[in-house]
Amino acid sequence: MNRLAHSLKKTPIAYIAHDLERALGLSPKTVGYFIISNNSVFAKNAVGGRKNVLLIDSERQLDTYELLEREETKKFLEKNKIETILVFKNTSRIEKICSDNHWKLLNPSAALAGNVEEKIRGAAWLGDLEKLLPPHKIVLGENLKWNGKKIIAQFNHAHTGNGTILIKDEAGIEEIRKKFPRREIKISKYIDGPVFTNNNVVWGEKILIGNISYQIT
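A brief report on the enclosed structure follows. (Residues numbered from 1 in each chain as written. Predicted model: local features only at pLDDT ≥ 70, side-chain atom pairs only at ≥ 80, totals over all residues. Heavy atoms only, no water.)

1. Observations regarding the sheet that holds strand E9 (residues 184-189)
Piece 1. Read from one edge to the other, the open sheet built from 4 strands follows the order E6-E9-E7-E8, with strand pairing classed as antiparallel. Each edge of the open sheet carries a strand with a single partner, namely strand E6 (136-140) and strand E8 (164-167). When strand polarity is set aside, the average angle formed by the axes of neighbouring strands in this sheet is 30°.
Piece 2. Pairing of strand E7 (residues 151-155) with E8, which is carried by 4 bridges, proceeds in the antiparallel orientation. (Pairing = 2+ DSSP bridges. Helix = DSSP H or I, 4+ residues; strand = E, 2+ residues; numbered from the N terminus. Axes fitted to C-alpha atoms, helices over the stretch in contact; angles between N-to-C directions.)

Below is the structure:
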């Protein structure tokens, strides 16, 4: 932490987050750490009034790329001499915005993140380790069939559970068949029980193991 604090003093970083909570893994009191997010009751209570936090008002919650495009964001970064950006989930659109504004984006490339995180491409990326996933197969929507057992259907692009569907009956199968006949879908065996998340960092031959968290599903 001492090395991080020293680095932030020399090179300040701004975390641009759709949800403020994403940026609170590091204390907002940290010198050299800045946050830009949507304004909300939660955000005001958590960090309201801090000079290193910019909360943007809008009629709706803005996506990360929209926050980056706002004039308030550009003025805030310029005022605080910030050229280094961090976001929760990188995309090619975010990469272009940062490139156009000459901001250094710390996230892994959108292409690399896609290979790892996307449900269908991610399974292929695992190679021999794919066998460690729950039993699954990839099919077109029109080829889905009900076998009398609950299954999990996942689209390739998904975020915070929005692309993951629990199918409990034949009606659920039929709905996907009609809506997405030509879309690839990953079908996995449904496993009943508690779910836990464990985020880790691997660089070179080193591994940083994160805490185990209960996954609310």
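There is more to say after this.
2. Details of a nonpolar patch on the surface
Piece 1. Among the surface-exposed residues, Phe196, Ile212, Tyr214 and Ile216 lie close enough to one another that they form a single nonpolar patch of about 550 Å² accessible area.
Piece 2. Turning to its location among the elements, Tyr214 is positioned in strand E11 (residues 206-214). (Patch = residues over 30% accessible without salt bridge, like charges linked within 9 Å, V, L, I, M, F, W, Y side chains within 5 Å. Areas by Shrake-Rupley, 256 points an atom, 1.4 Å probe, with all protein chains shown as cover. Salt bridge = Lys/Arg side-chain N within 4 Å of Asp/Glu carboxyl O.)

3. Some words on the pattern of salt bridges
Piece 1. For the structure shown, the criterion picks out 9 salt bridges.
Piece 2. Of the charged contacts, one joins Arg60 and Glu66 as a salt bridge, the two residues approaching to 2.5 Å between their closest N and O atoms.
Piece 3. With its nearest N and O atoms 3.9 Å apart, the salt bridge here joins Glu71 to Lys74. With Glu71 and Lys74 both in helix H4 (residues 71-79) and 3 residues apart, the pair spans about one turn of that helix.

4. A word on the side chain of Gln154
Piece 1. Within the fold, Gln154 resides in strand E7.
Piece 2. A relative accessible area of 13% means that Gln154 is categorised as buried.
Piece 3. A polar side-chain atom of Gln154 sits 3.2 Å from a polar atom in the side chain of Thr164.
Piece 4. Among all residues touching Gln154, those that are not within four sequence positions of it are Lys119, Gly163, Thr164, Ile185, Lys186 and Ser188. (Buried < 20%, exposed > 50% of the residue type's maximum accessible area, 1.4 Å probe, protein only. Polar contact = N/O pair within 3.5 Å; in protein donor to acceptor, adjacent residues only side chain to side chain. Contact = heavy atoms within 4.5 Å.)

5. Side note on unusual backbone geometry
Piece 1. Residue Lys81 is not a glycine yet carries a positive backbone phi of 55°.
Piece 2. Structurally, Lys81 is set in the loop between H4 and strand E4 (84-87).
Piece 3. By relative accessible area, which is 72% here, Lys81 ends up exposed.
Piece 4. The backbone of His102 sits at a positive phi, close to 60°, despite the residue not being glycine.
Piece 5. Note on placement: His102 falls in the loop between helix H5 (92-100) and strand E5 (104-105).

6. Here's the deal with the pairing of strand E2 (residues 33-38)
Piece 1. With 6 of 6 residues buried, E2 is to be regarded as a mostly interior element.
Piece 2. Note: strand E1 (residues 13-17) against E2, 5 bridges, orientation parallel. Opposite Ala14, over in E2, you have Phe34 as the bridge partner.
Piece 3. Relative to strand E3 (residues 53-56), E2 runs parallel, the two sharing 4 bridges. In the strand pairing of E3, Ser37 is matched with Leu55.
Piece 4. As for the winding sense of the linkage, the β-α-β connection from E2 through helix H2 (residues 41-47) to E3 is right-handed. (Right-handed = clockwise from strand over helix to strand, strands pointing away.)

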